[in-house]
Amino acid sequence: MKTLTLTKPDDWHLHVRDGEQMRAALPHTARQFARAIIMPNLRPPVVSVAMALSYRDRILAALATAAQQYTFEPLMTLYLTDHTSPQEIIRAKESGKIHAVKLYPAGATTNSDAGVTDLAKCYSTLATMEKIDFPLLVHGEVTDPDVDVFDREGIFIDQVLTPMIRQFPALRIVFEHITTRDAVSFVQESSHPIAATITAHHLLLNRNAIFQGGINPHHYCLPVLKRETHRQALVEAAISGNPKFFLGTDSAPHAQTAKENACGCAGIFTAHAALELYTSVFEQAGALDRLEAFASFHGADFYRLPRNQEQIVLRKENWSVPEQFEYAGDNLIPFRANTTLTWRMT
Ligand code: NCD
Ligand code: ZN
């Protein structure tokens, strides 16, 4: 039987929510990953060191009372607002438990209304981050309602990212969940310390998936899926061995009732099978030998954290993804629900 042994990977972009929803979502990630960068877009958002540390405590408490024992470390982030102070950034770094600051342009996605309205307001905070070498994670989409939803990442590169890296030439940046050939080229060609995360769903699907056989809310996420040529560029980047590209699932659970709704939420839940999904992409591209670096090395190196020591094993084996998971009194519909996957983490 074919097996694959890898250094235990990390998820460099994860939404685990809070409270009962967090207790339902977290074990899926803790089973597969050693660490994850925890997104701060709660309601209210995680805007201070105190809030991030108390969120971290709630995650650790949930792990301690989970049915199974996990060795999992949540890597916390702060939500950047127009009012985040340079002092708060310094305290975040000194905590040793907060590893980055997340920029959501106001209104870009789920729970982002407290996001940044004008980057000029964050100038001294970004300058401090650059000075103390604290990474900025960006949701790279403009929010101007006049910009076509499929063009928002490209316009963000031109209007926001390019001026930003000119202004802060040493600011370490992760361009999160990239979705276009343009973003791949930008990251590849830039001499700036910039890297990018790539999700499993953007590697596996193009935008046809949103409309196949009727509108499918479970394939709606932000940034929205793009056309096939962009998906191909993402696969090429992921399997390239370039250390600027690494794994970040952007697994984003929402209750079934919030997804299957006249105004359905953006977000795809992939944490139940994240590694299996990435493995199938690398297998199909004939690049299984590049999977470990993408999943387990490049992210840790970029964040300047030690690589994990533990190992995990994936076996070539058919299994079916459940139709649903329990989610705080509602259902959570997983990506590829009711279908057969061909790799399984043991
Ligand atoms: C995320 C969420 O639900 O929190 N949704 C998504 O579609 N990815 C927010 C985000 O990362 O944009
Ligand atoms: Zn996200």
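In case you missed it, the structure is sitting above this.
The structure presented is a predicted model; accordingly, all values stated were derived computationally and were not measured.

Colleague: How do you make sense of the overall build of the chain when you look at a structure like this?
Modeller: Along the chain, the regular secondary structure elements total eleven helices and 13 strands. In summary, the chain has a C-alpha radius of gyration of 19 Å against a globular reference of 20 Å for 346 residues, a match within 12%. Dimensions along the principal axes, computed over C-alpha positions, put the chain at roughly 55 × 45 × 45 Å. Surface accessibility of the chain: about 13900 Å² in total, with carbon and sulfur atoms responsible for 49%. Taken together, the 32 basic and 37 acidic charged side chains of the chain have centroids lying 4 Å from each other.

Colleague: I'm lost on empty space enclosed by the protein in this one. Help?
Modeller: To find the voids left in a structure, one rolls a probe of water-molecule size over its atoms. Across all of its chains, the model carries three cavities of 30 Å³ or more by this definition. Counted as a void, the largest cavity has a volume near 120 Å³. Lining the largest cavity are 18 residues, and of these His-15, Thr-109, Leu-222, Asp-250 and Ala-252 lie nearest its centre. Volume-wise, the second largest cavity comes out at about 70 Å³. Residue lining of the second largest cavity: His-218, Ala-252, Pro-253, His-254, Lys-259, Gly-267, Ile-268, Phe-269, Leu-332, Ile-333, Pro-334 and Phe-335, and that is the complete set.

Colleague: Teacher, can you tell me more about the sheet that holds strand β8 (residues 194-198) here?
Modeller: With parallel pairing, the eight strands of this open sheet are ordered in space as β2-β3-β4-β5-β6-β7-β8-β9. At either end of the open sheet lies a strand with only one pairing partner, and these are β2 (11-14) and β9 (245-247). Averaged over all pairs of adjacent strands, the angle between their axes in this sheet comes to 30°, without regard to strand direction. Two elements, strand β3 (residues 35-38) and strand β4 (residues 73-79), share three bridges in a ladder whose sense is parallel. Within β4, the position partnered with Arg-35 by the bridge is Glu-73. Where helix α5 (residues 152-167) meets the sheet, its contacts fall on β5 (98-103), β6 (136-138), β7 (173-175) and β8, and the angle it forms with β7 comes to roughly 175°.

Colleague: Is there a simple way to think about the layout of surface pockets in this case?
Modeller: Each pocket or cavity is described by its volume, and for the largest pocket that value is around 240 Å³. Looking at the largest pocket, it is lined by 14 residues, and the ones nearest its centre are Pro-105, Val-116, Thr-117, Thr-143 and Val-160.

Colleague: Looking at this model, I keep getting lost on the coordination of the zinc ion (ligand 2). Mind explaining?
Modeller: Six octahedral donors at a metal ideally form angles of 90 or 180 degrees, and four tetrahedral donors ideally form angles of 109.5 degrees. Distances from the zinc ion (ligand 2) to its protein donors, His-13 (NE2), His-15 (NE2) and Asp-250 (OD), fall within 2.0 to 2.1 Å. In the primary structure, the donors to the zinc ion (ligand 2) are separated according to the pattern H-x1-H-x234-D. Taken as a pair, His-13 in strand β2 and Asp-250 in the loop between β9 and α9 (256-259) lie far apart in primary sequence, 237 residues in all.

What counts, and at which threshold
- Residues numbered from 1 in each chain as written.
- Chains lettered and ligands numbered in written order.
- Predicted model: local features only at pLDDT ≥ 70, side-chain atom pairs only at ≥ 80, totals over all residues.
- Heavy atoms only, no water.
- Helix = DSSP H or I, 4+ residues; strand = E, 2+ residues; numbered from the N terminus.
- Rg over C-alpha atoms; globule rule 2.2 N^0.38 Å.
- Areas by Shrake-Rupley, 256 points an atom, 1.4 Å probe, with all protein chains shown as cover.
- Lys, Arg positive; Asp, Glu negative; His and termini not counted.
- Charge placed at Lys NZ, Arg CZ, Asp CG, Glu CD.
- 1 Å grid on protein atoms, 1.4 Å probe; cavity = no way out; pocket = protein on both sides within 12 Å on 5 of 7 lines; lining within 4 Å.
- Points joined across faces, edges and corners; volume = space filled by probe spheres on them.
- Pairing = 2+ DSSP bridges.
- Axes fitted to C-alpha atoms, helices over the stretch in contact; angles between N-to-C directions.
- Contact = heavy atoms within 4.5 Å.
- Donors = N, O, S within 2.8 Å, 3.2 Å for Na, K, Ca; no water.

By themselves, these figures tell us nothing about what the structure is for.
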